[in-house]
Amino acid sequence: MMRLPEFSYLAPVSVGDAVKLMADHGPAAMLVAGGTDLYPNMKRRQFEPSVLVGLRGIRDMSGVRGSSKTGLTIGAGTSLTAVSSHPDVARHYSGLATAAGLVSSPQLRNMGTLGGNVCVDTRCNYYNQSYEWRKAVNFCMKKDGDICLVAPGSSRCWAVSSSDTAPMLWSLGAQVRLAGPKGERLIPISALYQDDGIQYLSKQPGEVLTDIVLPPCDGWRSAYLKLRRRGSFDFPVLGVAVALRMDGETVREAAITLGAVASQPRPAPEAAALLVGQRLTPELIAAVADAAFKPGKPLDNTDLTHPYRKKMIRVFVARALYSLAHGQPASTNRSNHLPHGQAASTNCPNHLTHGEAASTNCPNHLAHGQPAEGQVEDK
Ligand SMILES: Cc1cc2nc3c(=O)[nH]c(=O)nc-3n(C[C@H](O)[C@H](O)[C@H](O)COP(=O)(O)OP(=O)(O)OC[C@H]3O[C@@H](n4cnc5c(N)ncnc54)[C@H](O)[C@@H]3O)c2cc1C
Ligand code: SF4
């Protein structure tokens, strides 16, 4: 059994106190919210703080304020369960409700917070292991070692951004409020991340993420699809977050962001640009899915094979767009088939004749020679 190391737990009741405690203790301190990621990481000695500054006692950091007309402000300490079940989030920012509701398991969503999910550590098969396991392979540069075991010639870490909500918040144009010793600042969530598996956040370690700010809904629709091995519990090995602003049947604005394909959420602006001013026809969806496929470059350092994860980008982007075109939640696409018997795969001959999946030659069906349905979480 892995045990937690000794540490001191400090419990501020205001953001100002939390910021001061972080400044007082410097690199020895870390922030903890729900602790669902941080405590396991401490047990594996990936994190070794001697002081934890707990955020759970700060009431101002919890709850959802505002409206879909003015925009919503979600306290970083709001639980994922509360985010996913909030009526305004579920109705007007449904992709975010879906993403928050697909994190891990109900127990972890009750404890885990939106802020913790936004800041959650990057992941890698060579890093998310016990201390003894990591020691046996001589560690890697993300913790205790010198080289990258995935790409030994690389000078950087390629650990994977594995937050479900981050790509969706990116597509929704969210901003985050940070409080630090020099005061508060509001930045686009896209500016919070950087493409490095170790320094994946641009914020200073002592800065507290206090709020996530969503813009007015204003005709936006959104969808999030997640690929993982097990239908509950598992981190994403691909996330597809699509947001469209519709004017009748015409797309006025669009954003597509991929999760779990790089050390930060990866936008697909060329794919999104193809949608603007257009109606969501099957031909357009196929072209957009092809374009979104290009920026996703998963490496062989997480679950499922990376060629399969890459192939599923095209499939999931098409599914998300079909679900938005038909005004239906993506969860209705339980199998690889879309409403009206259409195929999500844009180039799979197995779907085009009888509206049913055959067996081979289709990216939807290829992983380990098994049908995708058992491996694809598409709630
Ligand atoms: C078995 C298991 C399965 C999981 N599956 C998923 C999954 O499917 N999808 C997913 O996205 N995550 C998953 N997680 C990770 C984790 O449960 C979630 O990301 C959760 O939302 C983290 O929130 P938390 O409040 O518990 O964060 P914590 O564990 O408390 O903190 C996580 C990180 O964020 C920092 N932090 C927390 N709050 C703040 C803040 N307000 N300001 C600045 N920094 C902050 C902490 O210092 C720490 O570095 C899983 C974890 C486990 C153990
Ligand atoms: S990508 Fe390389 S350096 Fe980063 S955690 Fe994995 S093995 Fe370590």
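Throughout, residues of each chain are indexed from 1 in the direction in which the sequence is written. Going through the entries in the order they are written, you letter the chains from A and number the ligands from 1. Owing to the predicted nature of the model, reporting of local features is limited to residues with pLDDT of at least 70; listing and counting of side-chain atom pairs is limited to 80 or more, with chain, interface and lining totals taken over all residues. Values reported for side chains reflect all heavy atoms of the structure, with hydrogen atoms and water molecules removed beforehand.

On to the overall build of the protein chain. Regarding its fold elements, the protein chain presents 14 helices and 13 strands. Working rule for contacts: check all heavy atoms of both residues, and any pair within 4.5 Å makes them a contact. The contacts of the protein chain with a sequence gap of at least 6 include a subset with a gap of at least 24, amounting to 62%. Summed over all atoms, the accessible surface of the protein chain reaches about 16400 Å², with 52% contributed by carbon and sulfur. Each helix is a run of H or I in the DSSP string that is no shorter than four residues. Each strand is a run of E no shorter than two, and both are numbered from the N terminus. Values of accessible area rely on a 1.4 Å probe in the Shrake-Rupley scheme; residue burial ignores everything except the protein chains shown.

Salt bridge, as used here, is a side-chain nitrogen of Lys or Arg placed within 4 Å of a carboxyl oxygen of Asp or Glu. Within this structure, the stated rule accounts for 18 salt bridges. Arg65 is the partner of Asp211 in a salt bridge, and the nearest nitrogen-oxygen pair spans 3.3 Å. Placement of the pair is Asp211 in strand β8 (residues 208–214) and Arg65 in strand β4 (residues 64–67), with a sequence separation of 146 residues. Type-normalised accessible area, obtained with a 1.4 Å probe on protein chains alone, sets the label of each residue: buried when under 20%, exposed when over 50%, and partly exposed for intermediate values. Judged by its relative accessible area of 39%, Arg65 is partly exposed. Of the charged contacts, one joins Asp195 and Arg266 as a salt bridge, the two residues approaching to 3.0 Å between their closest N and O atoms. A residue pair is termed long-range when its members are at least 10 positions apart, and Asp195 in the loop between α10 (189–192) and β8 and Arg266 in strand β12 (residues 266–267) qualify at 71 residues. The network of salt bridges with common partners includes Glu48, Arg134, Lys143 and Asp144.

Not every one of the 34 residues close to ligand 1 is listed here, only the nearest: Leu31, Thr36, Thr113, Asn117 and Asp164. Throughout this description, a polar contact denotes any pair of N or O atoms lying within 3.5 Å of each other; where both atoms belong to protein, one of them has to be capable of donating a hydrogen while the other can accept it, and for residues adjacent in sequence the pair is counted only when both atoms sit in side chains. In this structure, an oxygen atom belonging to ligand 1 sits 2.8 Å away from a main-chain N or O atom of Gly34. The separation between an oxygen atom of ligand 1 and a polar main-chain atom of Asp234 is 2.9 Å. Out of a free accessible area of 970 Å², ligand 1 has 93% covered by protein chains. Of all the secondary structure elements, the ones that give two or more residues to the shell around ligand 1 are β2 (29–32), α7 (114–118) and β8. The rule for a residue being near a molecule or strand is that one of its heavy atoms must lie within 4 Å of it.

Our next topic: the site of ligand 2. Close contacts around ligand 2 come from Cys124, Tyr126, Tyr127, Cys140, Met141, Lys142, Cys148, Leu149, Val150, Cys157, Trp158 and Ala159, and that covers them all. We call Asp, Glu, Lys and Arg charged. Ala, Val, Leu, Ile, Met, Phe, Trp, Tyr, Cys and Pro are nonpolar, and the rest, Gly among them, are polar. Here the shell around ligand 2 is composed, by residue class, of 11 nonpolar, no polar and 1 charged.

Another point: the nonpolar core. Among the nonpolar cores identified, the biggest contains 50 residues, and Leu96, Leu169, Ile189, Leu192 and Leu214 are the most heavily contacted of them. Excluding its chain neighbours within four sequence positions, the residues that come into contact with Leu96 are Ile74, Val83, Val89, Thr165, Met168, Leu169, Leu172, Leu214 and Ser222. Joining through side-chain atoms within 4.5 Å is the link that ties buried Ala, Val, Leu, Ile, Met, Phe, Trp, Tyr and Cys residues into a set, and such a set is a nonpolar core. Residues Ala223, Leu227, Val261 and Ala289 belong to the second largest nonpolar core, which totals 37 residues.

A few words on the sheet that holds strand β1 (residues 8–10). The strands making up a sheet are joined through hydrogen bonds of the backbone, oriented either antiparallel or parallel. Paired strands, in this sense, are two strands between which DSSP finds at least two bridges. Taken together, the 3 strands give an open sheet; going across it, the order is β1-β3-β2, and neighbouring strands pair in parallel fashion. Each of the sheet's edge strands pairs with one partner strand only, and the pair in question is β1 and β2. Each strand axis lies, on average, 30° off the axis of its neighbour in the sheet, ignoring direction. Strand direction decides the pairing type here: β2 and strand β3 (residues 51–54), joined by 4 bridges, are parallel. Interaxial angles span 0 to 180 degrees and are taken between N-to-C directions of axes, which are lines fitted to C-alpha atoms, for helices over the stretch in contact.

On to the environment of Pro216. With respect to the helices and strands, Pro216 occurs in the loop between β8 and β9 (220–227). Relative accessible area serves as the criterion here: at 37%, Pro216 is assigned to the partly exposed category.

Turning next to the sheet that holds strand β5 (residues 71–75). If you walk across this open sheet you meet the 5 strands as β4-β5-β8-β6-β7, and the pairing is antiparallel. Every interior strand has two partners, whereas the edge strands, β4 and β7 (183–188), have only one. Each strand axis lies, on average, 20° off the axis of its neighbour in the sheet, ignoring direction. In the sheet, β4 pairs with β5 via 4 bridges, with the strands oriented antiparallel. When the bridges of β5 are listed, Ser67 appears paired with Gly71.

The subject of this paragraph is the pairing of β5. For β5, the buried fraction is high: 5 of the 5 residues fall into the buried class. Relative to β8, β5 is paired through 4 bridges, and the arrangement is antiparallel. Residue pairing in the sheet places Ile74 in a bridge with Ile212 of β8.

Pairing of aromatic side chains here covers Phe, Tyr and the six-membered ring of Trp, requires ring centres within 6.5 Å, and sorts the geometry by plane angle: under 30 degrees stacked, over 60 edge-to-face, intermediate tilted. One pass over the full model with this rule turns up 4 aromatic pairs. Ring centres of Trp170 and Tyr193 lie 6.4 Å apart, and the angle between their planes is 15°; on these two criteria the pair is classed as stacked. Residue Trp170 is found in helix α9 (residues 165–171), and its partner Tyr193 is found in the loop between α10 and β8; the two are separated by 23 residues along the sequence. We note that Trp170, like Tyr193, is buried. The rule for a charge over a ring is simple: NZ of Lys or CZ of Arg within 6 Å of the ring centre, and within 35 degrees of the ring normal. The positively charged end of Arg123 is found above the aromatic ring belonging to Phe235, 3.6 Å away from the centroid. The ring of Phe293 has Lys310 lying over it, and the distance from NZ or CZ to the ring centre is 4.2 Å.

Residues of β3 alternate between two faces, with Val51 and Val53 on one and Leu52 and Gly54 on the opposite face, all of them buried. Taken together, the 3 bridges between β1 and β3 define a ladder with parallel strand orientation. When the sheet's bridge partners are listed, Tyr9 is paired in β3 with Leu52. In terms of handedness, the path from β2 via helix α2 (residues 38–43) over to β3 forms a crossover that is right-handed. If you view a crossover with the strands going away from you and the path from the first strand over the helix to the second runs clockwise, you call it right-handed.

None of the figures reported here should be taken as evidence of function without further support.
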